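The lines below spell out each chain.
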Amino acid sequence: MSETNPAATAPVSADAAPHRYTAAMAAEIEARWQDFWDAEGTYAAPNPKGDLAGDPELVAKPKKFIMDMFPYPSGAGLHVGHPLGYIATDVFARFQRMTGHNVLHTLGFDAFGLPAEQYAVQTGTHPRVSTEANMENMKSQLRRLGLGHDKRRSFATIDPEYYKWTQWIFLQIFNSWYDDEAKKARPITELVAQFESGARGVRGDRSWNELTEAERADVLGEYRLAYASDAPVNWCPGLGTVLANEEVTADGRSERGNFPVFKSKLRQWNMRITAYADRLLDDLDQLDWPEAIKLQQRNWIGRSEGARVDFPIDGERITVFTTRPDTLFGATYMVLAPEHPLVEKFTPDAWPEGTHDAWTGGHATPAEAVAAYRAQAASKSDVERQAEAKDKTGVFIGAYATNPVNGEQVPVFIADYVLMGYGTGAIMAVPAGDQRDFEFARAFELPIRCIVEPTDGRGTDTSTWEDAFASYDAKIINSSSAGSSGEGVTLDGLPVVEAKERITEWLERTGAGAGTVNFRLRDWLFSRQRYWGEPFPIVYDEDGTAHPLPASMLPLELPEVEDYSPRTFDPDDADTEPETPLSRNEDWVNVTLDLGDGRGPRKYRRETNTMPNWAGSCWYELRYLDPHNGEQLVDPEIEQYWMGPREGLPHGGVDLYVGGAEHAVLHLLYARFWSKVLFDLGHVSSAEPFHKLFNQGMIQAYVYRDARGIAVPAAEVEERDGAYYYQGEKVSRLLGKMGKSLKNAVTPDEICAEYGADTLRLYEMAMGPLDVSRPWDTRAVVGQFRLLQRLWRNVVDENTGELSVVDVAEGDIDAGTLRALHKAVDGVRQDLEGMRFNTAIAKVTELNNHLTKAGGPVPRSVAERLVLLVAPLAPHVAEELWRKLGHESSVVHEDFPVADPAYVVDETVTCVVQIKGKVKARLEVAPSISDDDLEKAALADEKVVAALGGAGIRKVIVRAPKLVNIVPA
Ligand code: ANZ
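Taken in spatial order, the four strands of this open sheet run 11-12-10-13, and their pairing is mixed. Strands with a single pairing partner mark the edges of an open sheet, and in this sheet they are strand 11 (395-402) and strand 13 (426-429). Geometrically, the sheet is characterised by an average inter-axis angle of 30° between neighbouring strands, direction not taken into account. Sheet topology note: the strand 10 (residues 333-336)/strand 13 ladder contains four bridges and is antiparallel. Paired with Val 335 across the two strands is Ile 427, which belongs to strand 13. Running over the sheet, helix 13 (residues 366-378) touches strand 11 and strand 12 (409-414) and is turned about 115° from strand 11.

Given below as C-alpha cells:
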C-alpha cells in the first residue's frame, strides 16, 4: 500500500521536537544496543560446567531451555511471517530471565536440503557456498530484530563438527537392537552374545557358530535399528531420480517431464522406528503439546487392536488382519493387495468351472487377469487407492480359501483398495459391516450376510440395504458353527466387544489365529540418492557386507564432486538404477581401511547414499547444550541440567519448543525416536526431546489478482471506495499466504527501516493470540510505533532529551496511578507467563495512556516499572530508557516488577455488617470477594469484635459483596 510514513516525516517537519522517538532514533538506539549485547555476551547462558563460562550464581537458579524450530537458510531470505515465532520465544525468554531463570535460547540452521542442491545443478555453485551466503543474509536479518540468542551456541547442521555426531548417532542406532522383553534398545553386542551362547536361537536349524560372516550379518540386519533392505521406490529413469508419491501422476508418469515411472526395488537404509510404536504412543500422554498435534501423531502411529486370522488354501494359508474378528461369520470373500507376494502362488492356470463372468475382467486366464489388474494398480498412489471411490475395481484370482470358522469356501480377489503396506496386505471381506467391502460385493455380486443386528430399523434383509451397517452397540447374529476344526463357537446375542473377546479366544484355542495389535506406522526410509546430506559412516566389503566406521574416523566429510546432477537414462529402461553423485568420486568411494575390528587393512566401497534432511534436526537440541564438545555427544551433567527429568516432566525435555503445526508428524516423531534410542543406550537422561510444544499461527497476507488471475505487486495496489486497483485496472483481493511468488511479501528489513525493530516486534505480538493466523497489514504497524513514541514522551523531554520524570515517594503517588500501575504489572506478568503477548501489550498500552492522560511528569518509580514491563517486548527502547533513568547494568537481567495485591483489586464496594439486623460496621471490599473471605473479614473487624463483646456466634448470613448479618448465640 502506498502511504506516507509518519515516522519518517515526523522529525523533518519544522516544529518537530528534536528528541522525539523517530525511525532514525530507533535505528540508532537499536544498532547501538545490539552491538553492546554482542560485545558483552549479555545472552550467554552458563553451563553447570565446561568451557561455557559457568557462573555458580547463575547456575544455581532455576533454568529454562526455550527453542524455536530452526530455519532452512533459503535464498529468498525472511519475510515478516518467518520471525513471528522467533519474536515470541524471545519475549518469553526475556521474561523468564527477568523472573530469576537461567535461560538457554539460541538458534541454528537446518542447512542440508534440496534447494541448494538444485541450485547447484543449475548454476554449478557448490551447495555449501550458496547455503553459507544465505545463512549470512538471514543472520543479519535476524540480528536486526534484537533477538536475545546465545550466539556461542549457534551452529549449522552442515558443520562437520556437528554432523560428526549425526553420523555417530547413526552408528549407535546401527549398533543396537530392540529387546522386546526389556522394551528398550540394547547394544548389538549383547544380542551377538545371546546367539553365541545359544540363549537365543538363530532362525532355521543352524547354530550361530556354523554361519558364515555374511550370513551372520544378514541375521543381525533383521534386528538392527538401522538396516538396509530392498524397498520399493518410484524410479524415473528419464529424470534419473526416485520420486515421492506426490510427484507421480495418476497414469504413472513423472509430474515433471512426463516420463514413465517404475515401481522398482532399491537397496535403502531404514530406521526401525516401528519398534518404538508403543512407547511413542504412550509417552505422548506426558507431554504438554497441543491436543491436535498429539492426535495427529496418534493417528500416524495408528494403533489398532484386532486379530490375525489364517484362511487355509492349497495346504498353505492366507493371513489377514482384522479389527473386527467378531464378524468372521460374515466374511464371504477375501481380498489380497495386488502386489501381495502370494498372488502368483495361488493363481491357477484356468478359471474354475462356473466362474462368474463379472469376476474375470474379460480375461481368458486368471494369470492374464492378474497381470492386467496389477499394471493398472501400480500406476495409482496409495492415497488414490484409498480414496472413497464408489466404483470398486478388482479381479478374481481363480482360487478359493476356507473360512476357518464355518469351513465355507470363499473366493479370493485382488483389489487396489487393499494396501500392501498395512496389516498383512490381505483382508477378509465383510460386506455387511465394511462400506468398501459392501460396494465391492455389490459390484461383483458377492453374498452380503447380515451378522450384526441393525439397530436403525433397516432390517436383516441385506438385499434392501444401501450401505454397510456398523455399530458397536449392536448384537451379533447368524454367527454360530460347529467349526471346521471340530470345535464350535457361537457369538449370537453377544455385543460386539464381548464377541471380539470370545472369537479371539476361539482363534487362539484352535490355532486359526490370534489377537494382535497392528500399527499404521512404517519404518523410516532413511537414504537419499543426493549429494547435499550427511554421508553414511558405512563401508561395504567385497562380499557386500556393511561395516560401520569406527567413531575415530568421524566426521566422514562430504567429498567434492564434479557434477551434482542426476544421471538420466533411457526413459523406458526400467532395469537401470539411480547413480548417486557421491558414487562418481571413485577416489573417495574405493578405500583401503583398517576398521580396527581385527580384520586388518582391507578394500572397501563406501555407501554413496546420503542421509535425509530430517537427520540433522533429530538431535539439534542436544548440541545447543554443549556445542563445542568434540569428545562426547553431550556432557551428561550438562544434559541433565538443561533437559533431565524433573517435577512435572517425567521424561525431561526442552521447556518450550515453538514452531509450525506442519511438523506434527515427521520431524517431531523422528526426533522423539532418536531421543528414545539415545536414552535407552544411556547417552542422555531425557527420553523426550520437547516437553512443551506450541504452534504459532501463520501471518497471512492479501493476494491481489488481475482479471487473468495473475498476482500483482501488493505494494502498488490502491484502494478506492472499497475496491482495489493496480495501474488503473480493478483487481480482486483474497487472504492467502505471504511469499515472493504471490508478490505480497513484506520483509522485516523494510519494517525495521521504516519504524525500527521494537515496533515490528510489538506489532507482530499485538496482532492476535500467538496460535491464531492473522493477516498482515502494513498500515496498522504505525499504531505500535505511536505507542513507543508516547512511552518515550512519558520518560524523556522531547525538547531537551533530558529525563522528565520526578522523584516522588511511593506514598505520595496518586491512588489512581498506583492502581493503574499495579494492575498492569499483575496482568502483564500473567500474560507473559501464559504467552498471551497481545493482551500483555494491551495492558502496557493502557498504563501508558493513563500516564499520558494524567498530564504532569511521571513519578520515577512508575516510569521504571513501566520500562521493565516493556523490556521483554521492545528490548532496545527499554534498555535505552533504563540507562537514561540512571541504571548502570542492562535491563535484561533486572527483576520483573511484582504487583502489590492491595492495588490490584478493582474498585471496592462497601459491605454492611449487621449484628441482629443493626449496622455495626462498613468494610471496603473487592466486588469479587468470596462469601468465605467476606465472612472472615467481617468477623475480624475491630468494631464487629467489640460489638460482639465475646458472645458466641449462632449463625452468619453472607451475601457477598454487600452484606454480612451476624446472629449471636
Ligand atoms: C473385517 C472387517 C469387518 C473390517 C468390519 C472392518 C469392519 P484400521 O482400523 O485402520 O486398523 N484392512 C486390513 N488390512 C487392510 C489393508 N492392507 N488395506 C485395506 N484395508 C485393510 O482398519 C482395519 C480394518 O481395515 C480391518 O478390519 C480390515 O477390514 C481392513 F465390519 O476386517 B476389517
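Let's shift gears to a negative patch on the surface. A surface patch of negative charge is lined by Glu 498, Glu 501, Glu 505 and Glu 508. When you line up the elements, Glu 501 lands in helix 16 (residues 496-510).

This brings us to the site of the ligand. In the vicinity of the ligand lie 18 residues, with Ser 304, Thr 322, Leu 419, Tyr 422 and Arg 520 positioned nearest. Here an oxygen atom of the ligand sits 2.5 Å away from a polar atom, N or O, in the side chain of Ser 304. Summarising the interface, the protein chains cover 86% of the accessible area of the ligand, which totals 650 Å² for the free molecule.

Right, let's talk about the packing of aromatic side chains for a bit. The final tally for this structure, using the stated rule, is 52 aromatic pairs. Considering the side-chain rings of Tyr 178 and Tyr 276, the 4.7 Å spacing of their centres and the 65° angle between planes classify their relative orientation as edge-to-face. On the criterion of sequence distance, the pair formed by Tyr 178 in strand 3 (residues 176-179) and Tyr 276 in the loop between strand 7 (262-271) and helix 10 (277-282) is long-range, its members being 98 residues apart. Grouping residues by exposure puts Tyr 178 and Tyr 276 together as buried. Where Tyr 620 meets Tyr 624, the ring centres are 5.6 Å apart and the plane angle is 70°; that geometry is what we call edge-to-face. Taken together, the residues span about one helical turn, with Tyr 620 and Tyr 624 both in helix 18 (residues 620-625) at a distance of four residues.

With that settled, consider the side chain of Thr 424. For Thr 424, the position within the fold is in the loop between strand 12 and strand 13. There is a polar contact of 3.5 Å between the side chain of Thr 424 and the backbone nitrogen of Phe 321. For Thr 424, the residues in contact, after removing those within four places along its chain, are Arg 308, Thr 319, Val 320, Phe 321 and His 340.

Before going further, it helps to examine the environment of His 822. By the secondary structure assignment, His 822 is in helix 24 (residues 815-833). The spatial distance from the C-alpha of His 822 to the C-alpha of Ser 804 is 22 Å, given a sequence separation of 18 residues. With residues up to four places along the chain from it excluded, the contact list for His 822 reads Glu 810, Arg 865, Val 898, Ala 899, Asp 900, Tyr 903 and Val 904.

Overall, antiparallel pairing links the three strands, which are arranged 9-8-16 in an open sheet. This sheet does not close on itself; its edge strands, each paired only once, are strand 9 (316-322) and strand 16 (513-519). Within this sheet the neighbouring strands show an average axis-to-axis angle of 35°, counted without direction. The sheet contact formed by strand 8 (residues 303-313) and strand 16 spans seven bridges and is antiparallel. Residue pairing for strand 16: Ala 307 is matched across the bridge by Gly 515. Against the sheet, helix 16 touches strand 8 and strand 16, its axis set at about 115° to strand 16.

Within the largest apolar cluster, 180 residues are counted, with the highest numbers of intra-cluster contacts made by Phe 170, Phe 526, Trp 674 and Trp 776. Apart from residues lying up to four places away in sequence, Trp 674 is in contact with Thr 166, Ile 169, Ile 173, Met 271, Trp 524, Phe 526, Ala 615, Cys 618 and Trp 619. Listed in part, the 65 residues of the second largest apolar core include Val 418, Leu 446, Ile 448 and Leu 507.

Bringing the side chain of Asp 416 into the picture now. By the secondary structure assignment, Asp 416 is in the loop between strand 12 and strand 13. Sequence-distant contacts of Asp 416, that is, excluding residues within four places in its chain, are made with Pro 338, Tyr 373, Ala 377, Lys 380, Arg 385 and Thr 393.

Once that is clear, we can look at the confidence of the model for the chain. Taken over all residues, the pLDDT of the chain has a mean of 93, while the share at 70 or more is 97%. Confidence drops under pLDDT 50 across residues 1-14; counting only partners more than four residues distant or on other chains, this segment forms 22 contacts.

Analysis parameters
Residues numbered from 1 in each chain as written. Predicted model: local features only at pLDDT ≥ 70, side-chain atom pairs only at ≥ 80, totals over all residues. Heavy atoms only, no water. Pairing = 2+ DSSP bridges. Helix = DSSP H or I, 4+ residues; strand = E, 2+ residues; numbered from the N terminus. Axes fitted to C-alpha atoms, helices over the stretch in contact; angles between N-to-C directions. Contact = heavy atoms within 4.5 Å. Patch = residues over 30% accessible without salt bridge, like charges linked within 9 Å, V, L, I, M, F, W, Y side chains within 5 Å. Areas by Shrake-Rupley, 256 points an atom, 1.4 Å probe, with all protein chains shown as cover. Salt bridge = Lys/Arg side-chain N within 4 Å of Asp/Glu carboxyl O. Lys, Arg positive; Asp, Glu negative; His and termini not counted. Charge placed at Lys NZ, Arg CZ, Asp CG, Glu CD. Near = heavy atom within 4 Å. Polar contact = N/O pair within 3.5 Å; in protein donor to acceptor, adjacent residues only side chain to side chain. Phe/Tyr/Trp six-rings, centres within 6.5 Å; stacked < 30°, edge-to-face > 60°. Buried < 20%, exposed > 50% of the residue type's maximum accessible area, 1.4 Å probe, protein only. Core = buried A, V, L, I, M, F, W, Y, C linked by side-chain atoms within 4.5 Å. pLDDT = per-residue confidence, 0-100.

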